[in-house]
Amino acid sequence: MESSETLKTLYTSPVEQSDGTYQITVPDREIASGTLVEGETYRIALISTATSHTETTAPDSDHEAPHDEHQLQADSPPVVEGERRNVEIEHLGDQGDGIAKVEHGYVVIVPDTTVGDRVTVEIQQVRENVAFAEVVDRLT
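Here is what the cut-offs are and how they apply
Residues numbered from 1 in each chain as written. Predicted model: local features only at pLDDT ≥ 70, side-chain atom pairs only at ≥ 80, totals over all residues. Heavy atoms only, no water. Salt bridge = Lys/Arg side-chain N within 4 Å of Asp/Glu carboxyl O. Buried < 20%, exposed > 50% of the residue type's maximum accessible area, 1.4 Å probe, protein only. Helix = DSSP H or I, 4+ residues; strand = E, 2+ residues; numbered from the N terminus. Core = buried A, V, L, I, M, F, W, Y, C linked by side-chain atoms within 4.5 Å. Contact = heavy atoms within 4.5 Å.

## Regarding the pattern of salt bridges
Pairing between side chains of opposite charge can happen when the charged atoms of each approach one another.
Then, in step 1: One pass over the structure, following the stated rule, counts four salt bridges.
Then, in step 2: Residues arginine 85 and glutamate 83 are paired through a salt bridge, measuring 2.7 Å at the closest nitrogen-oxygen approach. Neither arginine 85 nor glutamate 83 differs from the other in exposure class; each is buried.
Then, in step 3: Arginine 84 is the partner of glutamate 122 in a salt bridge, and the nearest nitrogen-oxygen pair spans 3.2 Å. Of this pair, glutamate 122 sits in strand 7 (residues 118-126) while arginine 84 is found in strand 3 (residues 84-88), placing the two residues 38 residues apart along the sequence.
Then, in step 4: With a relative accessible area of 28%, arginine 84 lands in the partly exposed category.

## Description of unusual backbone geometry
Then, in step 1: Phi is positive for aspartate 19, close to 55°, though the residue is something other than glycine.
Then, in step 2: Relative to the elements of secondary structure, aspartate 19 occurs in the loop between strand 1 (15-18) and strand 2 (21-24).
Then, in step 3: Judged by relative accessible area, which is 79%, aspartate 19 ranks as exposed.
Then, in step 4: For aspartate 112, which is not glycine, the phi dihedral falls at a positive 60°.

## As for the nonpolar core
Then, in step 1: Judged by nonpolar contacts, the single largest core of 13 residues is most densely connected at Val108, Val121 and Ile123.
Then, in step 2: Mapped by element, the contributors of at least two residues to this core are strand 6 (107-110), strand 7 and strand 8 (130-139).
Then, in step 3: Looking at this core, the element that brings in the most residues is strand 7, giving three residues.
Then, in step 4: Sequence-distant contacts of valine 121, that is, excluding residues within four places in its chain, are made with Glu83, Arg84, Arg85, Val87, Val110, Ala133, Glu134, Val135 and Val136.

What follows is the structure, given as C-alpha coordinates:
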(Lines give C-alpha, C1' and ligand atoms only; values in the text may rest on other atoms or scores of the structure.)
Protein backbone atom coordinates (compact mmCIF):
# COMPACT_ATOMS: atom_id res chain seq x y z
CA MET A 1 0.00 0.00 0.00
CA GLU A 2 1.35 3.41 -0.91
CA SER A 3 0.27 6.46 0.99
CA SER A 4 0.11 10.00 -0.31
CA GLU A 5 2.52 12.61 1.02
CA THR A 6 -0.59 14.61 1.90
CA LEU A 7 -1.84 11.88 4.29
CA LYS A 8 -3.13 13.73 7.35
CA THR A 9 -4.07 10.84 9.63
CA LEU A 10 -4.64 7.12 9.81
CA TYR A 11 -7.01 5.47 12.28
CA THR A 12 -9.56 2.68 12.42
CA SER A 13 -13.28 3.35 12.74
CA PRO A 14 -16.35 1.22 12.06
CA VAL A 15 -18.91 2.20 9.42
CA GLU A 16 -22.18 2.79 11.27
CA GLN A 17 -25.73 3.23 9.98
CA SER A 18 -27.90 6.07 11.25
CA ASP A 19 -31.15 7.37 9.78
CA GLY A 20 -30.61 5.77 6.37
CA THR A 21 -27.01 7.01 5.99
CA TYR A 22 -23.66 5.50 6.84
CA GLN A 23 -21.12 7.34 8.97
CA ILE A 24 -17.49 7.01 10.01
CA THR A 25 -16.62 8.60 13.34
CA VAL A 26 -13.52 10.79 13.57
CA PRO A 27 -11.79 10.36 16.97
CA ASP A 28 -11.71 13.48 19.15
CA ARG A 29 -7.89 13.32 19.25
CA GLU A 30 -7.73 14.14 15.51
CA ILE A 31 -9.49 17.47 16.09
CA ALA A 32 -7.81 18.17 19.44
CA SER A 33 -4.32 17.64 17.98
CA GLY A 34 -5.08 19.94 15.03
CA THR A 35 -4.56 17.13 12.52
CA LEU A 36 -8.08 17.72 11.18
CA VAL A 37 -10.24 20.83 11.40
CA GLU A 38 -13.98 20.68 12.04
CA GLY A 39 -15.96 21.93 9.06
CA GLU A 40 -13.19 21.23 6.52
CA THR A 41 -13.65 18.68 3.73
CA TYR A 42 -11.21 15.77 3.41
CA ARG A 43 -10.74 12.95 0.92
CA ILE A 44 -11.23 9.60 2.66
CA ALA A 45 -9.71 6.25 1.67
CA LEU A 46 -11.14 3.06 3.13
CA ILE A 47 -8.88 0.06 3.67
CA SER A 48 -10.21 -3.27 4.91
CA THR A 49 -8.70 -4.47 8.17
CA ALA A 50 -9.76 -8.06 7.48
CA THR A 51 -6.33 -9.01 6.09
CA SER A 52 -4.22 -7.69 8.97
CA HIS A 53 -1.78 -10.33 10.28
CA THR A 54 -0.09 -8.20 12.91
CA GLU A 55 0.52 -9.87 16.25
CA THR A 56 1.04 -8.23 19.59
CA THR A 57 2.68 -9.66 22.65
CA ALA A 58 2.83 -8.62 26.23
CA PRO A 59 5.81 -6.45 27.02
CA ASP A 60 8.89 -8.12 28.48
CA SER A 61 8.98 -8.42 32.24
CA ASP A 62 11.94 -6.03 32.35
CA HIS A 63 9.95 -3.39 30.46
CA GLU A 64 10.46 0.03 32.03
CA ALA A 65 7.04 1.57 31.36
CA PRO A 66 4.67 1.57 34.36
CA HIS A 67 1.89 -1.05 34.24
CA ASP A 68 -0.78 1.69 34.31
CA GLU A 69 0.36 2.91 30.88
CA HIS A 70 -0.84 -0.35 29.31
CA GLN A 71 -4.42 0.37 30.30
CA LEU A 72 -4.86 3.01 27.63
CA GLN A 73 -8.05 4.72 26.62
CA ALA A 74 -9.52 4.09 23.16
CA ASP A 75 -8.42 7.56 21.99
CA SER A 76 -4.80 7.07 23.09
CA PRO A 77 -2.10 5.46 20.96
CA PRO A 78 -2.11 1.70 21.67
CA VAL A 79 1.65 1.64 22.33
CA VAL A 80 4.02 3.31 24.80
CA GLU A 81 7.69 4.19 24.51
CA GLY A 82 9.93 1.31 25.59
CA GLU A 83 7.27 -1.33 24.88
CA ARG A 84 8.30 -4.42 22.90
CA ARG A 85 6.03 -6.03 20.32
CA ASN A 86 6.17 -8.78 17.71
CA VAL A 87 4.93 -7.34 14.40
CA GLU A 88 4.83 -8.25 10.73
CA ILE A 89 5.89 -5.67 8.17
CA GLU A 90 2.94 -5.19 5.82
CA HIS A 91 4.14 -2.41 3.53
CA LEU A 92 7.06 -0.11 2.78
CA GLY A 93 6.73 3.64 3.18
CA ASP A 94 7.91 6.28 0.73
CA GLN A 95 11.30 6.43 2.47
CA GLY A 96 11.71 2.62 2.34
CA ASP A 97 10.95 1.99 6.01
CA GLY A 98 8.77 -0.95 7.00
CA ILE A 99 5.20 -0.29 8.10
CA ALA A 100 3.41 -2.51 10.61
CA LYS A 101 -0.05 -2.03 12.09
CA VAL A 102 -1.19 -2.81 15.60
CA GLU A 103 -4.56 -2.33 17.32
CA HIS A 104 -7.08 -0.07 15.62
CA GLY A 105 -4.84 0.20 12.53
CA TYR A 106 -2.27 2.28 14.41
CA VAL A 107 0.91 2.53 12.31
CA VAL A 108 4.40 1.62 13.53
CA ILE A 109 7.34 2.63 11.30
CA VAL A 110 10.30 0.22 11.45
CA PRO A 111 13.55 1.06 9.57
CA ASP A 112 15.75 -1.66 8.08
CA THR A 113 12.88 -4.07 7.36
CA THR A 114 11.05 -5.31 4.29
CA VAL A 115 7.55 -6.61 3.52
CA GLY A 116 6.91 -9.95 5.23
CA ASP A 117 9.57 -9.55 7.93
CA ARG A 118 8.42 -10.72 11.36
CA VAL A 119 10.34 -8.80 13.99
CA THR A 120 10.35 -7.88 17.63
CA VAL A 121 10.51 -4.11 17.92
CA GLU A 122 11.01 -1.65 20.74
CA ILE A 123 8.87 1.47 20.49
CA GLN A 124 11.18 4.52 20.50
CA GLN A 125 8.81 7.43 19.87
CA VAL A 126 5.01 7.67 20.06
CA ARG A 127 2.88 10.28 18.33
CA GLU A 128 -0.90 10.54 18.08
CA ASN A 129 -1.06 8.81 14.68
CA VAL A 130 2.20 6.89 14.34
CA ALA A 131 5.01 5.33 16.36
CA PHE A 132 8.65 4.76 15.44
CA ALA A 133 10.41 1.57 16.52
CA GLU A 134 13.74 -0.23 16.24
CA VAL A 135 14.25 -3.93 15.54
CA VAL A 136 15.52 -5.83 18.58
CA ASP A 137 15.08 -9.35 17.14
CA ARG A 138 14.25 -10.95 13.80
CA LEU A 139 11.75 -13.81 14.05
CA THR A 140 11.60 -16.82 11.75
